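If you want the building blocks of each chain, they are given just below.
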Amino acid sequence: MEERQAFAISPPTWDATQSRVLDAADDLIRRRGMSGVTIAELARRSELSRPTIYRNWNDADDVVRAALLRRITVILAGFPAPAVTRTQLVDDILRFIELFRTDAVYGELLEAEPESFTRYTLQRVGSSQRMILQWLAAAIGAAQDDGSVRVGDPAQISVMLLLIAQSAVLSHGTVADLIDEQAWERELRTALDGHLRP
């Protein structure tokens, strides 16, 4: 098996105070959903003042976006090196999807609040999506060098991969009665592989 090169991604960092607020946001999303995330509740749960929170974020919506971004950085940290072949890349995307779907916060949104999931992850390309696109583009470039991924702009190819993956994740519950988990993963693997194949 080919050795993978180190993948240097520069995720944002949060200081101890910010992390307390983001921990509170995670807890509120899991327990109460998006509507439960207010500055007052964030202050109460983090045991910080409202002015302290406002010094870091404009509103509760900003805190939610930061909390979701932090969770993406944690998932991506599980992939310290990029794939260097098409097979490795498809394996990594499927593993990312599994980690994403079972994440305590994202999983709750997908299950209980798909409309909130859509709002925060699909209606615009935010920092979380840009980090995922950066990760995908680096792996696509490496796999192109290997010759197992088709020629093309890695950034553009990564956009379509993200769309395929997001669509599959969002629609998973809808089609659960039509296709079992094993078949769903097999067909998604085929779609991803077909998009990348030379």
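**Considerations on the pattern of salt bridges**
(1) Moving on: Across all of its chains, the model carries 18 salt bridges by this definition.
(2) Moving on: One salt bridge in this structure joins R44 and E41, with 3.0 Å as the shortest N-O distance. Of this pair, R44 and E41 both sit in helix α2 (residues 39–46), separated by three residues, roughly a single helical turn.
(3) Moving on: Across the pair R101 and E98 runs a salt bridge, and its minimum N-O distance is 4.0 Å. Linking R101 with E98, this pair stays in helix α5 (residues 86–102), spanning three residues, or about one helical turn.

**Describing the packing of aromatic side chains**
Here the distance between the centres and the angle between the planes together describe a pair of aromatic rings.
(1) Moving on: Inspection of the entire model under this criterion finds six aromatic pairs.
(2) Moving on: Residues F96 and F100 carry aromatic rings whose centres are separated by 6.1 Å and whose planes lie at 25 degrees to one another, so their mutual orientation is stacked. Of this pair, F96 and F100 both sit in helix α5, separated by four residues, roughly a single helical turn. With respect to burial, F96 and F100 carry one shared label: buried.
(3) Moving on: Between Y106 and F117 the ring centres are 6.5 Å apart and the planes differ by 80 degrees, which places this aromatic pair in the edge-to-face class.

**Points about a nonpolar patch on the surface**
(1) Moving on: A cluster of nonpolar side chains, V159, M160 and L163, forms an exposed patch at the surface whose accessible area comes to about 240 Å².
(2) Moving on: Mapped onto the elements of the fold, L163 is located in helix α9 (residues 154–171).

**Things to note about the packing of α5 against helix α10 (residues 181–196)**
(1) Moving on: At their nearest, the axes of α5 and α10 sit 10 Å apart, and the two run at 135 degrees to each other. Comparing the axis directions of α5 and α10 gives the class oblique. With respect to the hand of their crossing, α5 and α10 are arranged in right-handed fashion. Packed against α5, whose contacting residues are R86, L89, V90, D91, I93, L94, I97 and R101, the element α10 presents E181, W184, E185, L188, R189, L192, D193 and L196 at the interface.
(2) Moving on: Partitioned by chemical class, the residues of the contact of α5 with α10 number nine nonpolar, no polar and seven charged.

**Observations regarding the nonpolar core**
(1) Moving on: Core analysis: the biggest nonpolar cluster contains 58 residues, and L42, F96 and F100 have the highest contact counts within it.
(2) Moving on: Top contributing element to this core by residue count: helix α4 (residues 60–76), with 10 residues.

**Here we look at α10**
(1) Moving on: Taking 1.5 Å per residue as the helical rise, α10 with its 16 residues ought to reach 22 Å, and the 23 Å between its terminal C-alpha atoms agrees with that figure.
(2) Moving on: Listed in full, the buried residues belonging to α10 are A183, W184, L188, L192, D193, H195 and L196.
(3) Moving on: As for α10, its buried residues are in contact with α5, α8 (127–146) and α9.
(4) Moving on: Two to three positions downstream of the cap, the backbone nitrogen of Q182 sits 3.3 Å from a side-chain oxygen, assigning the N-cap of α10 to D180.

Cut-off values and rules
- Residues numbered from 1 in each chain as written.
- Predicted model: local features only at pLDDT ≥ 70, side-chain atom pairs only at ≥ 80, totals over all residues.
- Heavy atoms only, no water.
- Salt bridge = Lys/Arg side-chain N within 4 Å of Asp/Glu carboxyl O.
- Helix = DSSP H or I, 4+ residues; strand = E, 2+ residues; numbered from the N terminus.
- Phe/Tyr/Trp six-rings, centres within 6.5 Å; stacked < 30°, edge-to-face > 60°.
- Buried < 20%, exposed > 50% of the residue type's maximum accessible area, 1.4 Å probe, protein only.
- Patch = residues over 30% accessible without salt bridge, like charges linked within 9 Å, V, L, I, M, F, W, Y side chains within 5 Å.
- Areas by Shrake-Rupley, 256 points an atom, 1.4 Å probe, with all protein chains shown as cover.
- Axes fitted to C-alpha atoms, helices over the stretch in contact; angles between N-to-C directions.
- Parallel < 35°, antiparallel > 145°, perpendicular 65-115°, else oblique.
- Left-handed = near helix turned anticlockwise from the far one by under 90°.
- Contact = heavy atoms within 4.5 Å.
- Nonpolar A, V, L, I, M, F, W, Y, C, P; charged D, E, K, R; others polar.
- Core = buried A, V, L, I, M, F, W, Y, C linked by side-chain atoms within 4.5 Å.
- Expected span 1.5 Å × (residues − 1).
- Polar contact = N/O pair within 3.5 Å; in protein donor to acceptor, adjacent residues only side chain to side chain.

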